[in-house]
Amino acid sequence: MKATLEFDEQDELMDAINGSKWRLIVWELDQDLRGILKHGYIGSREATESEIEMADYCRTKLRELISDDGLNLEP
């Protein structure tokens, strides 16, 4: 598939070029938060109750924002 995109600003072009990098970063963050929720650890230490609650809030909010814009993290 081919597409031609035109941009008025360099920043807009760079956002389009780097879109897949942003998606990968967001996916990695989602997976880190998932790991905290699933296993209860941050790195090698046990997460506190408040850290687990915050990880749950952040992951829920992240997925809500993604869904609200009609996006998804799954390949």
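Reading guide: rules and limits
Residues numbered from 1 in each chain as written. Predicted model: local features only at pLDDT ≥ 70, side-chain atom pairs only at ≥ 80, totals over all residues. Heavy atoms only, no water. Helix = DSSP H or I, 4+ residues; strand = E, 2+ residues; numbered from the N terminus. Rg over C-alpha atoms; globule rule 2.2 N^0.38 Å. Buried < 20%, exposed > 50% of the residue type's maximum accessible area, 1.4 Å probe, protein only. Contact = heavy atoms within 4.5 Å. 1 Å grid on protein atoms, 1.4 Å probe; cavity = no way out; pocket = protein on both sides within 12 Å on 5 of 7 lines; lining within 4 Å. Points joined across faces, edges and corners; volume = space filled by probe spheres on them. Nonpolar A, V, L, I, M, F, W, Y, C, P; charged D, E, K, R; others polar. Expected span 1.5 Å × (residues − 1). Polar contact = N/O pair within 3.5 Å; in protein donor to acceptor, adjacent residues only side chain to side chain.

Participant: Account for the overall build of the chain, with residues named and values stated.
Facilitator: Per the secondary structure count, the chain includes three helices and two strands. Helices and strands in the chain line up, N terminus first, as α-α-β-β-α. The C-alpha radius of gyration of the chain comes to 16 Å, more than 25% above the 11 Å expected for a compact globule of 75 residues. For the chain, the C-alpha atoms occupy an extent of roughly 50 × 25 × 25 Å along the three principal directions. Per-residue burial over the chain gives 16% buried out of 75 residues. Looking at the chain alone, contacts between residues at least 24 apart form 42% of all its contacts between residues at least 6 apart.

Participant: Now, about the layout of surface pockets: what can you tell me, with residues and values included?
Facilitator: To find the voids left in a structure, one rolls a probe of water-molecule size over its atoms. A volume near 250 Å³ is recorded for the largest pocket. Lining the largest pocket, in full, are Trp22, Arg23, Val26, Leu62, Leu65, Ile66, Asp69, Leu71, Asn72 and Leu73. Looking at the lining of the largest pocket, the elements that each hand over two or more residues are helix H2 (19–39) and helix H3 (49–68). A class-by-class count of the residues in the lining of the largest pocket yields seven nonpolar, one polar and two charged.

Participant: Describe H2, and please don't skip the residues or the numbers.
Facilitator: Spanning 21 residues, H2 covers 30 Å between terminal C-alpha atoms, matching the ideal 30 Å at 1.5 Å per step. Among the residues of H2, those classed as buried are Asp30, Leu33, Gly35 and Ile36. Where H2 is buried, its residues meet strand S1 (41–42) and H3. Positioned one or two residues after H2, Gly40 has a phi angle of 75 degrees, which is positive.

Participant: Before we move on, can you summarise the environment of Gln31 with the specific residues and values?
Facilitator: Mapped onto the fold, Gln31 is located in helix H2. Take Gln31: its relative accessible area is 28%, and that puts it in the partly exposed class. In this structure the C-alpha to C-alpha distance between Gln31 and Arg59, which are 28 residues apart in sequence, comes to 9.0 Å. Engagement of the side chain of Gln31 in a polar contact is seen with the side chain of Asp30, the distance being 3.3 Å.

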